Amino acid sequence: REWKSIFKFLNQYHWIVDDDFEDVDDGENSLTPEILGHVYERSVIEWETAGFGNSIESSDEPGERKGKGVFYTPSWITRPICEGVVNPYILDNFKNKYSTILKLKKGPLIDLKKAIKFLDNVTVLDPACGSGAFLVTVSELIFRLKIEFLRLSGEKIDNYKIKLEIITNNIFGVDILRGAIEIAKLRLWLWLVSSYNVKGDVRPLPNIEYNLRVGDSLVGWLDETINHQSM
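Residues numbered from 1 in each chain as written. Predicted model: local features only at pLDDT ≥ 70, side-chain atom pairs only at ≥ 80, totals over all residues. Heavy atoms only, no water.

## Details of the environment of Asn-170
Part 1: Residue position: Asn-170 is located in the loop between α9 (159–169) and β4 (171–175).
Part 2: Residue Asn-170 is classed as buried on the basis of its relative accessible area of 1%.
Part 3: As a C-alpha pair, Asn-170 and Leu-125 span 45 residues in sequence and 8.5 Å in three-dimensional space.
Part 4: At 2.8 Å, the side chain of Asn-170 and the backbone oxygen of Val-122 are in polar contact. (Helix = DSSP H or I, 4+ residues; strand = E, 2+ residues; numbered from the N terminus. Buried < 20%, exposed > 50% of the residue type's maximum accessible area, 1.4 Å probe, protein only. Polar contact = N/O pair within 3.5 Å; in protein donor to acceptor, adjacent residues only side chain to side chain.)

## Describing the pattern of salt bridges
Part 1: For the structure on display, the rule yields eight salt bridges.
Part 2: A salt bridge links Glu-140 to Arg-144, with the nearest nitrogen and oxygen atoms 2.7 Å apart. One end of the pair is Glu-140 and the other is Arg-144, both in helix α8 (residues 133–153) and four residues apart, which spans about a single turn.
Part 3: For Glu-140, a relative accessible area of 15% puts it in the buried group.
Part 4: The salt bridge involving Lys-185 is made with Glu-182; its shortest N-O contact spans 3.5 Å. Of this pair, Lys-185 and Glu-182 both sit in helix α10 (residues 178–193), three residues apart, which is roughly one turn of that helix.
Part 5: A cluster of three or more residues bridged by salt bridges with shared partners is formed by Asp-120, Lys-146 and Glu-165. (Salt bridge = Lys/Arg side-chain N within 4 Å of Asp/Glu carboxyl O.)

## As for the confidence of the model for the protein chain
Part 1: With 64% of its residues at a pLDDT of at least 70, the protein chain reaches an overall mean of 77.
Part 2: Considering each helix and strand of the protein chain separately, the mean pLDDT is smallest for helix α3 (residues 52–57), with a value of 42, and largest for helix α7 (residues 109–121), with 96.
Part 3: Low pLDDT, under 50, characterises residues 21–26; the predicted model gives this stretch 12 contacts beyond four residues in sequence or across chains.
Part 4: The model gives residues 51–62 a pLDDT under 50, and that stretch makes 10 contacts with residues more than four places away or in other chains. (pLDDT = per-residue confidence, 0-100. Contact = heavy atoms within 4.5 Å.)

## Concerning the packing of aromatic side chains
Part 1: Enumeration according to the criterion identifies four aromatic pairs in this entry.
Part 2: Centroid distance Phe-94 to Phe-118: 5.3 Å. Interplanar angle 80°. Geometry classified as edge-to-face. Taken together, the positions of Phe-94 in the loop between α5 (75–93) and α6 (101–105) and Phe-118 in helix α7 put the pair 24 residues apart, joining distant regions of the chain.
Part 3: Residue Phe-118 is classed as buried on the basis of its relative accessible area of 17%.
Part 4: A centroid spacing of 5.6 Å and a plane angle of 65° characterise the contact between Tyr-160 and Tyr-196, whose relative ring orientation is edge-to-face. Taken as a pair, Tyr-160 in helix α9 and Tyr-196 in the loop between α10 and β5 (212–214) lie far apart in primary sequence, 36 residues in all.
Part 5: Note on Tyr-196: relative accessible area 24%, which makes it partly exposed.
Part 6: An aromatic cluster of at least three residues, connected via ring pairs, comprises Phe-94, Tyr-98 and Phe-118.
Part 7: Above the ring of Phe-143, the side-chain terminus of Lys-163 is found at 5.0 Å from the ring centroid. (Phe/Tyr/Trp six-rings, centres within 6.5 Å; stacked < 30°, edge-to-face > 60°. Lys NZ or Arg CZ within 6 Å of the ring centre and 35° of its normal.)

## Some words on a nonpolar patch on the surface
Part 1: Residues Leu-186, Leu-190, Val-193 and Leu-205 make up a contiguous nonpolar surface patch of about 310 Å² in total accessible area.
Part 2: The exposure class of Leu-205 is partly exposed, given its relative accessible area of 46%. (Patch = residues over 30% accessible without salt bridge, like charges linked within 9 Å, V, L, I, M, F, W, Y side chains within 5 Å. Areas by Shrake-Rupley, 256 points an atom, 1.4 Å probe, with all protein chains shown as cover.)

## Comments concerning α9
Part 1: Looking at α9, one finds that the buried residues are Tyr-160, Ile-162, Lys-163, Ile-166 and Ile-167. Each buried residue of α9 lies within a common arc of 165° when the element is viewed along its axis, so the set occupies one face.
Part 2: For α9, the elements touching its buried residues are α8, β4 and α10.
Part 3: Sitting at the amino-terminal end of α9 is Asp-158, which places a side-chain oxygen 3.2 Å from the backbone nitrogen of Tyr-160. (Arc of directions from axis to C-beta.)

What follows is the structure, given as C-alpha cells:
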C-alpha cells in the first residue's frame, strides 16, 4: 500500500529526462533536470552535514551551500560554454581548414570520419562537477555532433550505443560532496536510458564509478598506495 501511494504521487508529475526541454510543455507538473538540480542545491548539502531530520527544519537557510560554493548552473549558461570548448577542439584538429562546424559538415567524407574519430577520443573533465549540469550538457553536445556526422557519412546510428560510449569513455567528473556525485551519476544514467530500446535485450547500466569520483580537485591524490589498495 505504501509503494502504491508513492507511485501515485510520482505519477502526478511529467518527468523530463533531457536538459534540452524547450519543446516540451514544462508546466506546473513537469520535473526537469534543472528543477532537480535546484532540489539538490537546497537539500542534499544539508543532508550530508546535518542529517536529514535537522536539514528539514532549517531548509530555508543557505547553510553549507554558501560555505562549499554550491550553485546549480542552468542550461542557458552551460550550453554556450560547452559549445565554446568542444567546437574549437574539433576545428583545431583540422588545422584551421574549417572556420565553423557548419562548414565542416559540408566537407568531404574523409573529414567527416576524422571528426567522428576526434569526438571518440575527446576527454572532458569537470573538476567540480556538482550534480552534473556541465557533464550532461557536454555529453548531449558530443552526442548531437556525432549523430550529425554519422548521418552525413551514411553510417548506421544507434543512439543508445553512442550515449553509452560517451559516458563511459569521454566524460569524467570530481566533486568534494558524495551526494553531488550520486546525483550526477543518476542524471547521466537517465540521459542514457532515454534512448533505450525497450524491444531489445535488457542491458545493465554501465559502471561509471571511475568516471565520477568523490575528491578534492584542489588537493589532488594524496596517497596513491592507500587509495589503490582500498579500491
